[in-house]
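Residue strings, one per chain:
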Amino acid sequence: MKYYAVIDTNVLVSAMLSWNSVPGKVMEFVFSGVITPLLNERIMKEYEDVLNRPKFHMPKEVVYNILAEINRLGFYIDVKETDIILPDPNDKIFYEVVMEERKAEDAYLVTGNIKRFSTKPYVVTPRQMLDVIVENIETHK
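Cut-off values and rules
Sequence order as written defines residue numbering, which begins from 1 separately in each chain. Thresholds applied to this predicted model are a pLDDT of at least 70 for local features of residues and 80 or more for the giving and counting of side-chain atom pairs; totals over whole chains, interfaces and linings are not thresholded and use all residues. The side-chain figures draw on all heavy atoms in the structure; neither hydrogens nor water molecules are used. Residue burial is assigned from relative accessible area. The probe radius is 1.4 Å, only protein chains are included, and a residue is buried under 20% of its type maximum, exposed over 50%, and partly exposed in between. Here a strand is any run of E in DSSP of at least two residues, a helix any run of H or I of at least four, and the numbering for each starts at the N terminus. One bridge is not enough; two strands pair if DSSP finds at least two bridges between them. By nonpolar core we mean a set of buried residues, namely Ala, Val, Leu, Ile, Met, Phe, Trp, Tyr and Cys, connected to one another through side-chain atoms within 4.5 Å. Residues count as neighbours in contact if any of their non-hydrogen atoms are within 4.5 Å of one another. Helix axes are fitted only over the stretch in contact, all axes being lines through C-alpha atoms; the angle between N-to-C directions runs from 0 to 180 degrees. Whenever a carboxyl oxygen of Asp or Glu lies within 4 Å of a side-chain nitrogen of Lys or Arg, that contact is scored as a salt bridge. Oblique is the label for any angle not under 35 degrees, not over 145, and not in the 65 to 115 range, which are roughly parallel, roughly antiparallel and roughly perpendicular in turn. Left-handed describes a crossing whose near helix is turned anticlockwise from the far helix by less than a right angle; the clockwise case is right-handed. Note on residue classes: Ala, Val, Leu, Ile, Met, Phe, Trp, Tyr, Cys and Pro are nonpolar, Asp, Glu, Lys and Arg are charged, and everything else, Gly too, is polar.

> What exactly am I supposed to notice about the pairing of strand 2 (residues 35–39) here?
Put simply, side chains in a regular strand alternate between the two faces of the sheet. Burial runs high along strand 2: five of the five residues are buried. Across the two faces of strand 2 the burial is the same, with Ile35, Pro37 and Leu39 and Thr36 and Leu38 all buried. Pairing analysis gives three bridges linking strand 1 (residues 3–7) to strand 2, with the strands arranged parallel. When the bridges of strand 2 are listed, Ala5 appears paired with Pro37.

Right, dumping it as structure tokens:
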């Protein structure tokens, strides 16, 4: 089964800092094709800006390669601006992309900081995303 998900920047950063973690497993599912990342130019720009912050000490080549792979695997979504108000206005694009894709099919917003978004069943933590995938694997055995 294939899943569509907007990966919040905090999940990507957590995975990059600790690959043997729940966010790391989510990103493994992205890189193996189980999860198709939903993107747009603003999301990719945020990924790049945040991963290149000096405090993370990530080599430029590693950041470039990760972003190139996400870009290759991703599905770009054009969005219309919504009137939703979130605590951090920079999070709005993640919500708009998932809402646009949900018009066509199920999609998730995977975030490590769920409190910043509306309480909806499609806004999930990395652990909840893994649970959805595992549950469907078990159901389809």
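There is more to say after this.
> Honestly, the nonpolar core in this entry has me stumped. Any pointers?
Most often, soluble globular proteins keep nonpolar side chains buried together rather than apart. By size, the foremost hydrophobic cluster in this structure holds 47 residues, and its most contacted members are Ile7, Ile35, Tyr47 and Val110. Among all residues touching Val110, those that are not within four sequence positions of it are Ala5, Val6, Ile7, Asp8, Val11, Val26, Val124, Thr125, Pro126 and Met129.

> What's the story with the sheet that holds strand 1 in this structure? I'm lost.
Reading across from one edge, 3-2-1-4-5 is the order of the five strands in this open sheet, with parallel pairing throughout. Looking at the sheet topology across the chains shown, the edges are occupied by strand 3 (75–76) and strand 5 (123–124). As paired elements, strand 4 (residues 108–110) and strand 5 share two bridges and run parallel to each other. Its bridge partner being in strand 5, Val110 is matched across the sheet by Val124. Strands strand 1, strand 2 and strand 4 of the sheet are contacted by helix 2 (residues 22–31), whose axis makes an angle of about 90° with strand 2. Its contacts with the sheet put helix 3 (residues 41–51) on strand 1, strand 2 and strand 3, and the angle it makes with strand 2 is roughly 100°.

> How do you make sense of the pattern of salt bridges when you look at a structure like this?
It is possible for side chains of opposite charge to pair when their charged atoms get near one another. By the definition in use, this model includes seven salt bridges. The partner of Lys103 in a salt bridge is Glu100, with the nearest N and O atoms 3.1 Å apart. Judged by relative accessible area, which is 63%, Lys103 ranks as exposed. We classify Glu100 as partly exposed; its relative accessible area is 23%.

> Which parts of the structure should I look at to understand the side chain of Asp8?
Within the element layout of this structure, Asp8 appears in the loop between strand 1 and helix 1 (9–17). Owing to a relative accessible area of 1%, Asp8 belongs among the buried residues under this scheme.

> Any chance you could explain the packing of helix 1 against helix 3 here in plain terms?
Packed helix pairs are characterised by how far apart their axes lie and by the angle those axes make with each other. Relative to each other, helix 1 and helix 3 sit at 40°, their axes nearing to 10 Å. As judged from the angle between their axes, helix 1 and helix 3 are oblique. Between helix 1 and helix 3 the crossing geometry is right-handed. Seen from helix 1, the contacting residues are Thr9, Leu12, Val13 and Met16; seen from helix 3, they are Glu46, Tyr47, Val50 and Leu51. The class makeup of the residues in the contact of helix 1 with helix 3 is six nonpolar, one polar and one charged.

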